[in-house]
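# Summary of the model geometry
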Amino acid sequence: MRPAVPVIRPVRTLALIAAALLALTTLVPGGATAAPRARELAPLLPVIDCAAVPGLDLTGVTDAPVTIKSATVTSANAPAPYCAVTGTIAPADTFVMRLPVNGWTQRYLQTGCGGLCGSANIGYTQAASCEPVADGTIASATTDMGHQGLNDGSWAADNPQALIDFAYRGVHVTSQVAQELIKRFYGRSAAYSYFDGCSDGGREALMEAQRYPDDFDGIAAGAPASNIVVQNTYHHAWNVLANQDANGNYLLLADKLPLIHSAVLHQCDSLDGVVDGVLDDPRNCRFDPRTLVCADTANCLTAAQAAVVERLHDGATDGHGRRLEQEISHEWGSELDWTLFVPAKQGDVTFSENIALSFLRYLAYRNVANPSYQLTDLEFTMASFRKTVQTSDYLSATDPDLSRFRRGGGKLLLWHGWSDQHISPQATLNYWDAMRRTMGSRAVDGFAKLYLLPGMAHCGGGLGPNSFDVLTPVMNWVESGTAPGRIVASMTGRTRPVFPYPQVARYDGTGSTDDQANFVAVTPRRESTVGYAWAGAWLYSHGYQKTCRAVNGKLVCG
């Protein structure tokens, strides 16, 4: 973590010293080192009153003036009282912060913001059960990323600074200010700092590791919208257009989704050895929707509807069949959640249509706002694709070279639900593949892990176990060097282990299949044949990211 004032010792150095001391004090008989529990760091009390926080001079902490608007002690909706701080970082980054007042265990957690953001609300994505979060002893903060409300994208029109803040600056400057407030409030810098986010919060997490590797010691990035430009243009637009006829009427409606899902499970559910309603690796399923075509339109699909299902699974292409997104857009087994883009009736407006229009009208084309843009204006050609993805150079977080983050001791835990209906897990697998090709598999394995959760939808929900603690494994890895292994995910009546990719959980043949203890880790003998040769493969490379400035009301990047 970069210090706000040059004379202060960098927190990353303090963190490494603390980890060494901790290792010396957690030896168990036989010389093994026990993983630290979250409360092993001594709790500290504030050295100033909460009411004094608005009067702090934060000049020079970051690249713009900071204003603390309020600071009050509250215990509402929290396990322990905290000093609730609100403020702004010029020109328009709102941040909120929670500083425990009855004992702070020397950790800082910054949480991500979803969608196109616009509101600052602390949310602990898959981390609520982590001990210092659950007991209220962790300091935390988040930001609205430089704009308020208007999640339709119109906030970006003629507002280049808001675009910069949304792309990467807002999260970084919030980290700088929050770290300084912690030091002032407790008289000591955080021993460890973490970031936890899902969806756009996952993109923010990766952007931090790529652009600002000293901000956080450990990062949990869930279902990251890393390739945000392709995702919010071609991916979501295809979700809509691939399901419409020449008159704009939908061919497939949501009442057919249970039929499709049931057929997928009938063919593929048993491939992993357990019939449980989820696919542990949907890439192994070779389902052909044309098998559902028959004359009984009430209980079958028409040929046109089967073609829609195939297009939605396979993803966007141009007129020559060349891929404009990764090879699989929506995995088999996720069909019940396709209501995100398959409407219940004609005339309904889906999420995919809304997000694609928001992005195409205001964010996709640099210094261009076109409120009248329609999805049919997007051309599915290679030339149009290249033009549309130019803004990836500052908005997307697909640079696979995390060497600086790794050298600083940073740890990364990536996770994604196999049944994610918003963001294809193939985008995360594409990033993982690019990291290993760029940095080498041994280097990546030393600081990063990937978890893929069967049956889980976007950031949670779905048909498979979808509640788990992602933060404690990151903390243990950072603070004791204990690399994550088995993570237990749960839902009502079922627990399952999830292992670092490419391992999968396999039933050991004894006991209940609803008990995670009866599963072991297995590495498949054959790798998936799904590849990453598509029009945007070059986006997963090092050196494309640009830094932008607001100049005379325009966005200038270089």
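Up top is the structure these notes are about.
Residues numbered from 1 in each chain as written. Predicted model: local features only at pLDDT ≥ 70, side-chain atom pairs only at ≥ 80, totals over all residues. Heavy atoms only, no water.

## Considerations on unusual backbone geometry
Going from Ala90 to Pro91, the amide bond is cis rather than trans, its omega being 5°. With respect to the helices and strands, Pro91 occurs in the loop between β2 (82-89) and β3 (93-100). The phi dihedral of Gln106 is positive, around 70°, even though this residue is not glycine. Along the chain, Gln106 turns up in the loop between β3 and β4 (107-111). In this model, Cys117 sits at a positive phi of 60°, which is unusual for a non-glycine residue. Since its relative accessible area comes to 7%, Cys117 is described here as buried. (Helix = DSSP H or I, 4+ residues; strand = E, 2+ residues; numbered from the N terminus. Buried < 20%, exposed > 50% of the residue type's maximum accessible area, 1.4 Å probe, protein only.)

## Concerning the packing of helix α3 (residues 160-186) against helix α4 (residues 200-211)
At their nearest, the axes of α3 and α4 sit 10 Å apart, and the two run at 70° to each other. In terms of axis orientation, α3 runs roughly perpendicular to α4. Of the residues in α4, those in contact with Phe166, Ala167, Tyr168, Val171 and His172 of α3 are Asp200, Arg203, Glu204, Met207, Glu208 and Arg211. Split into classes, the residues belonging to the contact of α3 with α4 amount to 5 nonpolar, 1 polar and 5 charged. (Axes fitted to C-alpha atoms, helices over the stretch in contact; angles between N-to-C directions. Parallel < 35°, antiparallel > 145°, perpendicular 65-115°, else oblique. Contact = heavy atoms within 4.5 Å. Nonpolar A, V, L, I, M, F, W, Y, C, P; charged D, E, K, R; others polar.)

## Quick word on the sheet that holds strand β7 (residues 218-222)
One open sheet holds the 9 strands; their spatial order is β1-β2-β3-β5-β4-β6-β7-β8-β9, and the pairing between them is mixed. With partners counted over all chains shown, the strands left at the sheet margins are β1 (66-74) and β9 (448-453), one partner each. Looking at each pair of strands side by side, their axes are set apart by 15° on average, direction ignored. With 4 bridges joining them, β3 and strand β5 (residues 139-143) adopt antiparallel strand pairing. Of the residues in β5, the one forming a bridge with Phe95 is Thr143. Where α3 meets the sheet, its contacts fall on β1, β2, β3, β4, β5 and β6 (192-198), and the angle it forms with β3 comes to roughly 35°. (Pairing = 2+ DSSP bridges.)

## Observations regarding the layout of surface pockets
By volume, the largest pocket amounts to about 1,000 Å³. Residue lining of the largest pocket: 41 residues in total, with Asp281, Arg283, Tyr501, Pro502 and Pro524 positioned closest to the centre. Among the secondary structure elements, those contributing two or more residues to the lining of the largest pocket are α12 (425-439), β9, β11 (494-498) and β12 (504-507). Tallied by class, the residues present in the lining of the largest pocket amount to 23 nonpolar, 5 polar and 13 charged. Looking at the second largest pocket, its volume works out to about 270 Å³. Taken together, 16 residues form the lining of the second largest pocket, with Cys285, Arg286, His313, Asp314 and Trp332 sitting closest to its centre. Grouping the constituent residues of the lining of the second largest pocket by class yields 7 nonpolar, 2 polar and 7 charged. (1 Å grid on protein atoms, 1.4 Å probe; cavity = no way out; pocket = protein on both sides within 12 Å on 5 of 7 lines; lining within 4 Å. Points joined across faces, edges and corners; volume = space filled by probe spheres on them.)

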